[in-house]
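This is what each chain is made of:
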Amino acid sequence: LFMFGHVALADEEMVLSPNINNNSPTTYRIEKCSTSSKAPCVSTSNVRQLDLYAPPWTFSSNISADEIMSRLKGAIQVVDSSSEIMQQDGNRYLVVQSKRPNDLFGTVDKLEFVVNPQDQVVTFRSAAPTEGNDFGTQRRRLEEIRKRAGVFGIMGDTMNTADTATI
């Protein structure tokens, strides 16, 4: 299990559900995309399957969790005005159904976001309900949401590597 503060990125597939202990705050976990399914999916939890993985988003510590959730929801509405918020837990967890534009079959994808204000990170999953090729729709939608929100970076994007480090 890889831990990012109170948000756990699973090393094994698990069902997305609130982890409720009697005296502990609710912890939300993002489910991995199934490696046996051909349904288009992208998740921050698929750290070992690069074709299904996307890195978590980061945000500045001077932005409140309420502002992060507000910007996230606003960006989702701009990217897809037909999207519908299905579940929300304050400023920590969001589930959205999003109709694919120009899709003759009316496919509705499910997007899930967990905001961790302590570690300034957003984990997510975007998945289609059926198998088939979405020609990169899941990744493009997530990237457009990230850019439109205007406050999210990509985890590891600003880290120096051995190739780029300055001495």
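Structure first, text after, so check above.
Below: a short report on this structure. Only a predicted model underlies this, so the values are computations on that prediction, with no experimental measurement involved. (Residues numbered from 1 in each chain as written. Predicted model: local features only at pLDDT ≥ 70, side-chain atom pairs only at ≥ 80, totals over all residues. Heavy atoms only, no water.)

A count of helices and strands for the protein chain gives two helices and nine strands. Helices and strands appear in the protein chain in the N-to-C order β-β-β-β-α-β-β-β-β-α-β. Burial statistics for the protein chain: of 167 residues in total, 40% are counted as buried. Considering only contacts within the protein chain whose residues lie at least 6 apart along the sequence, 50% involve residues at least 24 apart. Accessible surface, the protein chain: about 9,500 Å² in total, of which carbon and sulfur atoms supply 48%. (Helix = DSSP H or I, 4+ residues; strand = E, 2+ residues; numbered from the N terminus. Buried < 20%, exposed > 50% of the residue type's maximum accessible area, 1.4 Å probe, protein only. Contact = heavy atoms within 4.5 Å. Areas by Shrake-Rupley, 256 points an atom, 1.4 Å probe, with all protein chains shown as cover.)

The subject of this paragraph is the packing of aromatic side chains. The final tally for this structure, using the stated rule, is six aromatic pairs. Ring geometry for Trp57 and Phe113: centres 6.0 Å apart, planes at 40°, overall tilted. Placement of the pair is Trp57 in strand E4 (residues 57-58) and Phe113 in strand E7 (residues 108-116), with a sequence separation of 56 residues. With a centroid separation of 4.6 Å and an interplanar angle of 40°, the aromatic rings of Trp57 and Phe124 are classed as tilted. Highlighted residues: Trp57 in strand E4 and Phe124 in strand E8 (residues 121-127), separated in sequence by 67 residues. (Phe/Tyr/Trp six-rings, centres within 6.5 Å; stacked < 30°, edge-to-face > 60°.)

Looking now at the environment of Thr35. Relative to the elements of secondary structure, Thr35 occurs in the loop between strand E2 (7-9) and strand E3 (41-43). For Thr35, a relative accessible area of 53% corresponds to the exposed category. Thr35 sits 17 residues away from Leu52 along the chain, and the two C-alpha atoms are 8.3 Å apart. Setting aside chain neighbours within four positions, we find Thr35 in contact with Gln49 and Leu52.

Next up on the list: the state of the cysteines. A full pass over the atoms with the stated rule returns one disulfide. In this model Cys33 forms its disulfide with Cys41; the gap between the sulfur atoms is 2.0 Å. Between Cys33 and Cys41 the sulfur-sulfur dihedral comes to about -75°; the bridge is accordingly left-handed. (Disulfide = S-S within 2.5 Å.)

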